[in-house]
Amino acid sequence: RRRKAVKEAFLHAWEAYESKAFGFDELHPLSGGHDVMGLGITLVDSLDTMLLLDLHDTPAYARAREWVATHFDTNIDRDLSVFETSIRVLGGLLSTYALSGDTVYLNQSRALGDKLVQAMETPTGLPASVINPRHGSAKRDYVNPYNGNKCRFGDPTTVAEVGSIQLELQYLSHATGDPKYAALGDKAMLKLMDMAVVPGIKKAPNPAPYRGVQEGKGEFGEGLDMRNKLFPVDVHPREGRFVSDRISLGSGGDSFYECLLKQHFLQPFSKRHMLRQFKQVIEAAMSRVRGEVDPTPGRPSSSKLKLFLGEGFFNGAKTPIKRMEHLACFTPGMLALASTAPDTELHERESLLLESEAIMDTCMSMYDTRSGLAAETYEVVRDAASKAMVLQPSKNFKYSFLRPETMESAFVLWRVTRKEKYREFGWRVFEALERSSRMPGKGSGYTAVCALISSPQTLTPRPKP
């Protein structure tokens, strides 16, 4: 019954997109199709989902495939976000190729990859945040399509943007047999690793020199010692330096850490030593952003550990700001995934899962609203009446973009622990989406929720289902 309901929900959303916005980047349910970059982002990003839902023989999938084959334009004269294009469009094409073996997707992946790697033509090899496929790096001024900000090639961006495209480039090299994509991704990652900073040291030395990239030998940066190394959010690709001291597993930082781990798992070309480096890097970051939600006075010491991920700093305050973005809720899934690595010892596995579930409990609490949906950002505050610590939606962030991070973590934790509570939580959120964000009528789709009806939620252990 649940599987059928989820499939029907996808078809409801797809029908709205196809009828009102087919070929556009986005569907605005109230106004129709809207382009951000002109790459059919929603269409491309939905193809692998259609295959997973066993829709490969449907007319809807056939029409989507035909659009990719005949209308997808990689030489478009528009400024593109390198990050969004890599993870959603290139990633969407490659994952669909991996599931189907259909060379239509591989050919378009190669064509797009050839355009995107122009972003790596900075003096440091770190990717610029914006590229124009037709004009490449020669264009003087660009406009970021997602925020409208004007920039020049290689202007400051985030560590997530420069450190999250390696997976797609590595898989593109594997699929095409052309090593150039992976080599460029590895070069950028090595540069970023070399830039890492240690508190109290202006530039962190690497006591063991890295070996560089040797094709086919899996020696990508094996000698790097990343203990206590930090990666501030804001980075200047053209100059090869960090330009802020902010540390975050939320916006600006998130997928950099995720990409480190997944380079270990990416088979058959795994950078297996990346697990060690991931553990070193994530522990350094967590030491700056992790905070324990204080138990209510009088609560038994056996109460479940609860953690939040705030905002920390390379220099200055050691106590993280007690503000947690929903974006950071990918972390429980990432830590649970790390616990499954064959090289992880039992005590490490237990520690990773303990931390994962302690953060996940806080993420699940974000959904304890009357609407059943989570706000964008929360403050961890003490309730004046009860004296308990509560999650309170931040003043200007009481809306929901229907973000997937907590749901992904619930899925991974269920697969790793087999605890039914995570699957039941996922179903409760799905039901809340159906109630609160589904537009009525055929071809209407789903929409973000502008104002959540909520009140502060006490961070108490949730009863077992």
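It should be noted that the structure appears before, not after, this text.
Residues numbered from 1 in each chain as written. Predicted model: local features only at pLDDT ≥ 70, side-chain atom pairs only at ≥ 80, totals over all residues. Heavy atoms only, no water.

Q: Just to check I follow, could you spell out empty space enclosed by the protein for this structure?
A: If a probe the size of a water molecule is rolled over the atoms, the empty space left behind becomes visible. What the rule picks out here adds up to 1 cavity of 30 Å³ or more. Counted as a void, the largest cavity has a volume near 30 Å³. Every residue lining the largest cavity is listed: Val82, Ser86, Leu116, Val117, Met120, Ile165 and Leu169. When grouped by side-chain class, the residues that make up the lining of the largest cavity number 6 nonpolar, 1 polar and no charged. (1 Å grid on protein atoms, 1.4 Å probe; cavity = no way out; pocket = protein on both sides within 12 Å on 5 of 7 lines; lining within 4 Å. Points joined across faces, edges and corners; volume = space filled by probe spheres on them. Nonpolar A, V, L, I, M, F, W, Y, C, P; charged D, E, K, R; others polar.)

Q: Hey, could you run me through helix α1 (residues 2–21) in this one?
A: Every α-helix carries 3.6 residues per turn, so stepping three or four residues along brings you back to the same face. Taking 1.5 Å per residue as the helical rise, α1 with its 20 residues ought to reach 28 Å, and the 28 Å between its terminal C-alpha atoms agrees with that figure. Residues of α1 that are buried include every one of Ala9, Phe10, His12, Trp14, Ala16, Tyr17, Glu18 and Ala21, and no others. Note on α1: the residue one or two positions beyond its end, Gly23, has a positive phi of about 90°. (Helix = DSSP H or I, 4+ residues; strand = E, 2+ residues; numbered from the N terminus. Expected span 1.5 Å × (residues − 1). Buried < 20%, exposed > 50% of the residue type's maximum accessible area, 1.4 Å probe, protein only.)

Q: Would you explain the nonpolar core in this entry?
A: Grouped burial of nonpolar side chains is what soluble globular proteins tend to show. If you look at the biggest cluster of nonpolar residues, it comprises 119 residues, and the most contacted ones within it are Phe231 and Tyr257. The leading source of residues in this core is helix α10 (residues 274–289), at 9 residues. Leave out the neighbours within four places in its chain, and Phe231 touches Val159, Leu192, Met193, Ala196, Met226, Phe242, Ile247, Phe256, Tyr257 and Val281. (Core = buried A, V, L, I, M, F, W, Y, C linked by side-chain atoms within 4.5 Å. Contact = heavy atoms within 4.5 Å.)

Q: Just to check I follow, could you spell out the sheet that holds strand β7 (residues 157–158) for this structure?
A: Strand pairing in a sheet relies on backbone hydrogen bonds, with the paired strands running either antiparallel or parallel. Strand order in the open sheet formed by 3 strands is β7-β8-β9, and the pairing between neighbours is antiparallel. Edge strands, defined here as strands with exactly one partner in the open sheet, are β7 and β9 (241–242). Across 2 bridges, the pairing between strand β8 (residues 234–236) and β9 is antiparallel. Paired with Val235 across the bridge in β9 is Phe242. (Pairing = 2+ DSSP bridges.)

Q: Help me understand the packing of aromatic side chains, please; the structure alone is not making it clear to me.
A: Pairs of aromatic rings are described using the distance from one ring centre to the other and the angle between the two planes. All chains considered together, the criterion is met by 12 aromatic pairs. Ring geometry for Tyr17 versus Phe22: centroids 6.4 Å apart, planes at 50°, classification tilted. The class for Tyr17 is buried, based on a relative accessible area of 2%. Ring centres of Tyr367 and Phe425 lie 5.4 Å apart, and the angle between their planes is 85°; this geometry places the pair in the edge-to-face category. Residue Tyr367 is found in the loop between α12 (346–365) and β15 (377–382), and its partner Phe425 is found in helix α14 (residues 420–436); the two are separated by 58 residues along the sequence. One exposure class covers both Tyr367 and Phe425, and it is buried. Counting every residue linked through ring pairs, the aromatic cluster contains Phe10, Trp14, Tyr17 and Phe22. Positioned above the aromatic ring of Trp414, the side-chain terminus of Arg418 is 4.4 Å from the ring centre. (Phe/Tyr/Trp six-rings, centres within 6.5 Å; stacked < 30°, edge-to-face > 60°. Lys NZ or Arg CZ within 6 Å of the ring centre and 35° of its normal.)

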